[in-house]
Each structure stands twice: as C-alpha cells, then as structure tokens.
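# Architecture and fold: a report
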Amino acid sequence: MEMYLYIALFAPLVGSLTAALFGASKKTMFTGLFASGMLFASFVSSLLLLIGVLEGNTYHVEMMTWIATGDLYVPFGFVVNEVTVTMMMVVTTVSTVVHVYSIGYMDHDKSFNRFFSYLSAFVFSMMVLVMSDNLLGLFIGWEGVGVCSWLLIGFWYHKESATWAANEAFIMNRIADLAMLIGIFIIYWNLGTLQYEGIFAGVNELNHGVLTAAGIFLFVGAMGKSAQFPLHTWLADAMEGPTPVSALIHAATMVTAGVYLVVRMNPLYDLIPDVGLFIASLGAFVAMFAATMALVNRDMKRIIAYSTLSQLGYMFVAAGLGAYWVALFHLMAHAFFKALLFLGAGNVMHAMDNELDPFKMGGLRKAMKGTFIMMTLASVALAGIFPFAGFFSKDLILEVAFVEHHYILYTVLLLTAGLTAFYSFRLVSLIFHGEERYKLFGFHPHEAYKYMLVAMSPLLILAIIAGFLFKGTYYEMVIAMLPAGEYHVHNQVVYWVMTIGTQLFVIAAILFAYRKYENAKIDLKVESGFFYQLLFNQYYIPKLYDELFSKPYVELSKMMWKIDNAVVDASVDGIANVFYGTGNKTHTMQNGNLSSMLRWMVLGLVALLVSAAVFIGIVTNADAIMKLLGA
Amino acid sequence: MFEAIAFYLFAFLTIAMFWITVTTKHALYALTALAAGMIFISAFFFILGADFMGVIQIIVYSGAVMALYAFGMMFFDTTRELHEKNPSSTLVFLLGGMAALLVVIMVSAPIVSGSIEAAYPIIEGIGNTQAIGMVLFTKYLVPFEVAAVMLLVAMIAGIIMAGKKMDISYSEMSEEQIDEKLDAEVIA
Amino acid sequence: MEITLTHYLVLSTVLFAIGLVGVMRRKNLLMLFFATEILLNSVNIALVAISHYHGDFTGQLFAFFIIAIAASEVAVGLGLLVLWFKRENKIDLDIMTSMKG
C-alpha cells in the first residue's frame, strides 16, 4: 500500500515536470493526455488507499529525514488516515476531471503545455498539504498551492488585470501565512514538535492562553487561504484565471485548505471553544455577506466565486461549532457541485467568446443542452434541495447550529440558504431561460466538445448521489478520528417542520428568482437604490482597502524613495566616486613602463617592511606598552 | 681574528664589485665586475664551511652563467656606451636605503628564538659534499629531479627563442643580398 | 672580534639593497638581469650563513636550488632578450610599454 501512497503523491509531480519540459514548445496533445493520465493514476491510488482505510487501516510512511538539528526533528513523512483520504479523494477526483476538461477548454491557447505543468504542480502541492504528517510539511504544501495559484491566476500575464489579481491573491495570502507561521512557531515553542501525533498528545497540558494564541494565529492563516473576511477580496478577483483553474483551485480544493486545517487540528480547537465560536460567527457572517454580494453581481464567475465564499462560511460554522465531520462532509459535497458549476460556466464562456455578463445571454438552453442540465442540477445541489448532495451537507450544518443552541447563527444560515437559492437560479435563469438576448450582441453559441461534457459527468453524478449514498459510510469512517456527533433534532415535530420549512423556503426563493429574472428586466429604481449600489460595489471594501492601505503605502513608498535617494544611494554613489576618482588619478601608475613598475614594487616592499617592523616592535615590547597604557 | 679580517675584506670587495655593476656605463665592465663579485661571494661560502656551495658558486655562476651572458652580449652592440635615461637617483637610493635599513633593524633585533632544531643537522666528521649529497639524494630527490627537468626545459626554450632565423647567416651573404632581405622584412 | 650571523645578514641586506638600486635605476635590460643576479646572490649568502650558524643543511640546499633556478632564468631570459633585440634592435626598457593599463 505504501507504493500507492507514493503514486498518489508523486504522479502529479511527474506529470507536471514532464509537461514543464514542453513548456516552451508548441502545443502538444501529449502533455495534456500525460498529465491527465498521471492524475488518473493518482486518483486510482487514492481510491485503493480509501478502500484500505475503510477496512480500518491507516498508512504512515517516513520517506526520509528532512530537518534534524538539535531537538528539531522533521521528516518528510506522509500519512493516510480517515481525514486525509477524504481530502485526497476530493482533490484527485476534481483535478482529474478538471485536467480532462482543460484539454478541451485550453484547446486554442498557445500556452497549453505550460498550463498543464502548473495545474499538475498545484495538485502535487495540494497532496503534500493534505498528506503531510507534520505542520511544516503542511506549510510547504500551503505555500506551494499559493505559488501555483499565483501562477494560474496570472496565467494570461499579458492582461494587466490578471497580473494584478494574481499579485493581490499572493500578497493577501502572504499576510495570512505570516500569522500561520507564527502559530506554527508557538506550537513548536511549547511542544517541541511539529508532528501531528506529538502535538495532539501534548496539547492537553498547555495552558489556555497559549492554546488560544496558537488557535487564533493558525485560523488567521486559514482565513487567508479560505478568503474569509476581511481577507476575502482576492477570491473574486482571482476569477481572472482560466475557468478550470477557478473550478479546481478557487472552488474545490485550495480555498478549502483553511477548513481542512481547522479540521485537522481538531484536538487543539476542541480545547478552545471560545475561538471556535468566533470562527463559527465569522463563518456565518461571511456566508451572509458573500451571498448578498452575489445577489446583484453582473459577472457570472464572480457570482459563483461569492457563492464559494459563502459556502466556505458554512464550513467554518460547522468546524467552529465542533462538528468537524460535518464541515469536512460539506467540503466534499461542495467541491463536487461547485466545480461542476464552474466548469459549466466555462462552457458558457467558451460559447459566448468569453462574455461574462449574464444579462447579455439568455435562452441558451436550446444551444447548450448538456451544459444547461448540468448547471441546473449543480445549482439545485447548491441550493440544498432533497435528494441532492447539498441537502445532506448544508442542512446538516443548519441542524448543527440549531442543536448547539446557536439560534442566531441558525437564522443567519437559514436566510443565507434562501439567498443562495435565489442567486443561483438568478444566474441559471439569466443564462439559459428567457429571450435569446445574445443575438443582439452577435454571438453564435455552440456546445462544448463532447468529451468535456463526459469529463464533467462524474462530478454531476457525485453532486447528485454524494449525499445519500456516502453519508453513512463516510460517518462510520471518519468518526475514528474526528469527534462523533449525530446532531439530530430530538423532537420529531420540530425536525420535520425545520426540514420541510427550509425546503419550502428554498423552493420559494428559486421560483422568485425565476419569475424575476426570466425576462431579465432591469429595474432602474432598485438599481439606483442605496442597497443595490452598496452590494454591487462589494460593500465598498475594495475601495476602502485602496484608500486605507494602498494609497498611504504608495505615499510612504514615495517618501522612502526620496530618503533612499538622499541617504543610501548617495552614500553608495559617494563610495563609488571615491574609488573612481582615485582610479582616475592613479592610473598614470599603469604607464606600462617596466622600470617604473619596478619602482612601485620596491615602494610596496618598503611599505610592507615598515608595517612588519612596527608589528615586531609592538610584539616584542608588548609588556612595556601595556604598562605605559596602564599608567 | 683571521675570519674577521677575511669577512671584512671580502665584504668590501663584493660590495665594491656589485656597486660597479649597477653604476657603470659600460656593459663589459659590468659583466666583469659581476663575475668578480660572484667569485668573492664564493669566499664567504668557504669561510662558512659550505665547500660544496662555494664550488658550485664558482662553476655555475662564474663559469656557466657568466659565459652565457658573455655569449648573449655578442648579439648586442656592447662596445658603445650605454645611453640610459636614469630616473631621479635620490628616490632610487632613498628607497633602496630604506629597505636595507628596515631589514637591518629587524635582523639586529633579537626576535628569533635561539632554540631552533635543525631538520637536517650538520654532522661533524663527514665532508660537506658527502653530507649534502646524502640529504639531496634522499630527502630532496624529487625537487632535485624537478630542478633538472626545469633546467632542461629552460635550455630548450632558450635555444628555440634565441635560435629563430639562425638558419639565415648574414655573414655568408653579399651586401646586396642582406639589403634585399632586410627590405623584404621591413615590407612584411 | 667574532663574526656572528648578524654580520652576514647585514652584508646580505646591503648587497640586496645594491641589487634593488640596480633594478630600479637601470634601463638597459641586460643590466636589469645583472641586478637580478645580485639580488639572488645576496639571498644565497644569507641562506648559507643561517645554515652554518644553526647547524642545518636546509639553507644550503635552498641556496643550491636557487642557483639552479637562476641558471634557468638566465637561459630563458637571454633567449627572450635576443628575440627582442632582433625585433627592435634595442633593449631599452622605456620602449616596452605594451602593458600600459
């Protein structure tokens, strides 16, 4: 089984490096096929490992020693247990699908090979992040996915907006990563180890303050990667990257790494329920906050990005309330239907020549039947209609909030569920229903390649069945590691009222969205209203950041530049000028005349002799000189 | 007493000879004075009991090296006086004097400890030449061979460099032929 | 009146200084070679004297090798000198300025 572990981990790396070899050459189908094949190998290995884990085994290998200095011992160790295997399955499934899909999506791009190199490198980093058996390895993977995300957001680097978005994402993550690094340091400082096993064994003996500090700092790291408020602005801008990237990185895998971190560190967070409650509250806030922004946005991909943000908020609510397995389950279900949604959006973009405004589309269901079905079903799953995956995972989070008596959180999440249904179907109805507005703009939509649709179908199936088929098995498996908790509402009447009520509320929201947006009438009175403008401008937060941080920073930099010119540059130039001047004046020494050179040489000899004589004088009379100085 | 007289006498002679060498305007005088100075130096070697070195000094320096210089000088026009633009003498003598003075100060200061252990002690009762031979052909065999190779290389190099165009003998040519040859060379 | 090592070292220094003056002062390449010989010889005196007063052969052996080096230097140097003279018909140092920096 160790072999499967290594295949699962390193196959994407092999694919990436092979694709990188062709990075500078013309598009070759081989790189796409090979990278996809490697990913499939990784997927199969993960599947075999999953079967092993289901039988009750865990696999732990230490590939080699990495750092061994003093008391610090960090190996390149990898572990496959109930939690990591779940993440591995999610990552490999979605990434295999996305790889195959990308062969079609990136068909006309001249950087085809480079794309696959980056994409597979991302998967490798993600696998390191997930499988590492210590926090430092996780951090390496964490940074690795950050770099790959940067590369992929800025994949079309000739577009200024893309490079800007890439840098924004990278810098925001850097801020958060600093906090995370501090959290790791705190843990090492107090426990002397970075291995999860060692941390979990020793974490009970630490005092509350240290635990709280470590928990908060680690969570700030998670906030950056999972784009939680106030570090959320990068995720929407990250949509500048190619759509498969958005599906893989900014919906299914990388952004969920924060949730994974909290779940992975559950023994730590179990001891600090205050921080957990903070996490849950922030999650609920972000769920609502992002959903409201999604209501009015006019950019197809941004709407889905905000939806991702909102769903990440849900996951943090569950994780913060101690329902780690629920968070992980929603992570898995969400990965499937959100990736599907993004890939569908990618098809639409392809059909519409990269047009992103859904108000310019409409009535596409005739031209793009397959995509229409997939996106509708993915939206239904996202909205949480029975029996799709979202129902089982998202409603469970509502129940968790209810059972744990956090009624405010429950109300917020319930409202957000309605908003989610509304904006999802606003999008679907704008794109696929109503009049065929795209004709006005001269688009000629066409369905995507067949194999792209086939590649997407596993996600569709999973989005439908993941809930009712896997929930039981998953729960049995994962409670071996995570705290068990059934989270059932004991009162039968309340339970049914809640469940059916939620369903009805969501369906009502869907119908409202259909009615309102089928004809895509733009209500000018609403649009000019304060709330609409507030939401449309993302609560003015990007502008606020610009005014609050960017502009003062630019001013500061300008000032520093002047200081730099006056002090640092001037002194460096001064030193250089001194040497330049002496060189200019003394170059007459180098007149090429051997005789004068010999004279200079003798002068040097005399100088050396003088220094030697002085040195000898000092050494032989050291005592006398010391006495003289002492006196 | 005898040793002191010999030392001062030869010291005076050596310094005088070398002084002539560096100051005279005639190359031939310089060569002669140098050869004489070399021989006087060998006297010090005899005084110091280094018989072998003394013999080598006379054979190699006064014999071979000086003969080489003498042959070399045949190529140059040495009969006329040397016209040199000598640089300012004060500076030259100042520098030379300074260097000498500093070294003398350092030498006269008792800095080297007296207890130096000889790596290859001079053994009483055995002749100097025999003793040198024993050390030279055991401990210093490799440097000795390397020096031999170096001398060979130098010899070949000297022959090749100095011997270029030696096949053309101007003395067997008529005046016109020499002029032609030189003109051709100037054009080339 | 005993002759000590210091006497020899002083003598060697004086000869070395004379050699230095020659090296610095003369412009004729042949004279430069002569001055170099003086420098080497002055060092030889010092080495042999040290060897005598410390009862160690090493100094004499060093002097021996110096003589070997001097001989090869003369061979190569004179070769070069002859070559130079053939080209320029002069062996004056002041015309050798091709190493001007």
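Every chain's residues receive numbers from 1 upward, in the order its sequence appears when written. Here chains are named by letter from A upward and ligands by number from 1 upward, in the order in which they appear as written. Given that the model is predicted, a residue must reach a pLDDT of at least 70 before its local features are reported, and side-chain atom pairs must reach 80 or more before they are shown or counted; all residues, however, enter totals for whole chains, interfaces and linings.

### Quick look at the overall build of chain B
Convention followed: Segments assigned H or I by DSSP are reported as helices when at least four residues long, segments assigned E as strands when at least two residues long, and all are numbered from the N terminus. Counting other C-beta atoms within 10 Å of a residue's own tells you its class, since 20 or more makes it buried, 12 or fewer makes it exposed, and anything in between is partly exposed; those C-beta atoms are placed from the backbone.
Along its length, chain B carries 7 helices and 0 strands. Helices and strands appear in chain B in the N-to-C order α-α-α-α-α-α-α. Looking at chain B as a whole, 22% of its 188 residues qualify as buried.

### Digging into the overall build of chain C
Let me state the cut-off plainly: In this description, a residue-residue contact is defined by the distance between C-beta atoms placed from the backbone, which must lie within 7 Å.
Scanning chain C from terminus to terminus reveals 3 helices and 0 strands. In chain C, the succession of α and β elements from N to C terminus is α-α-α. Counting over 101 residues, chain C shows a buried share of 56%. Looking at chain C alone, contacts between residues at least 24 apart form 48% of all its contacts between residues at least 6 apart.

### Some remarks on the nonpolar core
Where we set the bar: Only buried residues count toward a nonpolar core: Ala, Val, Leu, Ile, Met, Phe, Trp, Tyr and Cys, linked into one set through C-beta atoms within 7 Å.
Ranked by size, the top nonpolar core spans 207 residues in total, and within it A:Ala339, A:Leu340, A:Leu413 and A:Ala463 carry the most contacts. Element by element, the count of residues in this core is highest for helix 15 (residues 324-351) of chain A, at 20 residues. In this view, A:Leu413 contacts A:Ala284, A:Ala287, A:Tyr314, A:Val317, A:Ile397, A:Leu398 and A:Ala401; residues no more than four positions away in its chain are not counted. The next biggest cluster of nonpolar side chains, apart from the first, holds 73 residues, and it includes B:Val22, B:Leu34, C:Met24 and C:Leu78.

### What to know about the interface of chain C and chain B
What counts is decided by this rule: Gly is placed with the polar residues, together with every amino acid not listed as nonpolar (Ala, Val, Leu, Ile, Met, Phe, Trp, Tyr, Cys and Pro) or charged (Asp, Glu, Lys and Arg).
Each side of the interface is counted separately: chain C has 60 residues, and chain B has 71 residues. Elements that contribute at least two residues to the side of chain C that touches chain B include exactly helix 1 (5-25), helix 2 (29-54) and helix 3 (58-88) of chain C. The greatest single-element share of the side of chain C that touches chain B, amounting to 21 residues, is contributed by helix 3 of chain C. For the side of chain C that touches chain B, a count of residues per class yields 40 nonpolar, 14 polar and 6 charged.

### Digging into the packing of helix 5 (residues 135-153) of chain A against helix 6 (residues 160-191) of chain A
All names here are of chain A. Inclusion rule: Working convention: axes come from line fits to C-alpha atoms, limited for helices to the stretch in contact. Angles between N-to-C directions cover 0 to 180 degrees. Any angle that is under 35 degrees is reported as roughly parallel, and any over 145 degrees as roughly antiparallel; angles of 65 to 115 degrees are reported as roughly perpendicular and all others as oblique.
One way to put it is that helix 5 packs onto helix 6 with a least axis distance of 9 Å and a crossing angle of 175 degrees. Taken together, the axes of helix 5 and helix 6 lie roughly antiparallel to each other. On helix 6, the residues touching Leu135, Leu136, Phe139, Trp142, Glu143, Gly146, Ser149, Trp150 and Ile153 of helix 5 are Ala162, Ala165, Ala166, Ala169, Phe170, Asn173, Asp177, Leu181, Ile184 and Ile187. Grouping the constituent residues of the contact of helix 5 with helix 6 by class yields 14 nonpolar, 3 polar and 2 charged.

### Observations concerning the interface of chain A and chain B
At the interface, 11 residues of chain A touch 10 residues of chain B. Taken together, the residues of the side of chain A that touches chain B break down into 9 nonpolar, 2 polar and no charged.

### With respect to unusual backbone geometry
Most of the time, phi is negative for any residue but glycine, and the peptide bond is trans. Residues and elements named next belong to chain A. With an omega of 5 degrees, the peptide bond between Phe229 and Pro230 qualifies as cis. The residue Pro230 is located in the loop between helix 8 (208-225) and helix 9 (233-237) in this model. Between Phe386 and the following residue, Pro387, the backbone shows a cis peptide bond with an omega angle of 0 degrees. Tracing the backbone through its elements, the reader meets Pro387 in the loop between helix 16 (369-383) and helix 17 (389-403). In the Ramachandran plot, His405 falls in the positive-phi region, its phi being about 65 degrees despite a non-glycine side chain.

### Overview of the confidence of the model for chain C
Short version of the rule: Every residue carries a pLDDT, the predictor's confidence in it, which falls somewhere between 0 and 100.
Averaged over all residues, the pLDDT of chain C is 86; the fraction at 70 or higher stands at 96%. The ipTM, which scores confidence in the relative placement of chains, is 0.89 for this predicted complex, and the corresponding pTM is 0.66.

### Some remarks on the pairing of strand 2 (residues 72-80) of chain A
All names here are of chain A. This is how the line gets drawn: Any two strands between which DSSP finds at least two bridges are classified as paired.
Note: strand 1 (residues 59-69) against strand 2, 9 bridges, orientation antiparallel. Paired with Ile67 across the bridge in strand 2 is Val74. The loop that links strand 1 with its antiparallel partner strand 2 comprises 2 residues; one of these, Gly70, has a positive phi angle of about 60 degrees.

### Regarding helix 3 (residues 82-105) of chain A
We apply this condition: Between the first and last residue of a helix there are one fewer steps than residues, each counted as 1.5 Å, and that sum is the expected span.
Between its first and last C-alpha atoms helix 3 of chain A spans 34 Å; for 24 residues at 1.5 Å apiece the expected length is 34 Å, and the two agree. Helix 3 of chain A sits mainly inside the fold: 23 of its 24 residues count as buried.

### A few points about the packing of helix 4 (residues 89-108) of chain B against helix 1 of chain C
Each pair of packed helices gets described by two things: the angle between the helix axes and the distance between those axes. Heads up, the condition is: Handedness of each helix crossing follows the sense of rotation of the near helix against the far helix: counterclockwise by less than a right angle gives left-handed, clockwise gives right-handed.
Closest axis-to-axis distance for the helix 4 of chain B/helix 1 of chain C pair is 9 Å, and the angle between their directions is 160 degrees. Considering the angle they form, helix 4 of chain B stands roughly antiparallel to helix 1 of chain C. Remark: the crossing between helix 4 of chain B and helix 1 of chain C carries right-handed chirality. Residue-level contacts link B:Ser89, B:Val92, B:Phe93, B:Leu95, B:Gly96, B:Gly97, B:Ala99, B:Ala100, B:Val103, B:Val104, B:Val107 and B:Ser108 of helix 4 of chain B to C:Thr6, C:Leu9, C:Val10, C:Thr13, C:Val14, C:Phe16, C:Ala17, C:Leu20, C:Val21, C:Met24 and C:Arg25 of helix 1 of chain C. Its residues assigned to classes, the contact of helix 4 of chain B with helix 1 of chain C comprises 16 nonpolar, 6 polar and 1 charged.

### Description of the environment of A:Val128
Residue and element names in this part refer to chain A. Here Val128 lies in helix 4 (residues 112-131). Accessibility expressed as a C-beta count within 10 Å gives 24 for Val128, which makes it buried. Separated by 119 residues in the primary sequence, Val128 and Leu9 have C-alpha atoms spaced 7.1 Å apart. Look past the residues within four positions of Val128 in its chain and what remains in contact with it is Gly137, Ile140, Gly141 and Gly144.

### A short note on the environment of A:Thr308
Residues and elements named next belong to chain A. Position of Thr308 among the secondary structure elements: in helix 14 (residues 300-320). Classification of Thr308 as buried rests on a count of 27 C-beta atoms within 10 Å. Separated by 72 residues in sequence, Thr308 and Ala236 have C-alpha atoms that sit 9.6 Å apart. When neighbours within four sequence positions are excluded, Thr308 is seen to be in contact with Leu235, His250, Ala251, Val255 and Lys338.

### Examining the confidence of the model for chain B
In regions of low pLDDT, the predicted coordinates are not meant to be interpreted in detail. Averaged over all residues, the pLDDT of chain B equals 81, while 80% of them reach at least 70. Across chain B, element-level confidence peaks in helix 1 (residues 2-23) of chain B with a mean pLDDT of 92 and bottoms out in helix 7 (residues 175-187) of chain B with 71.

### Notes on the environment of B:Lys139
Tracing the backbone shows B:Lys139 in the loop between helix 5 (128-136) and helix 6 (141-162). A C-alpha to C-alpha distance of 9.4 Å links B:Lys139 and B:Tyr120, two positions 19 residues apart in sequence.

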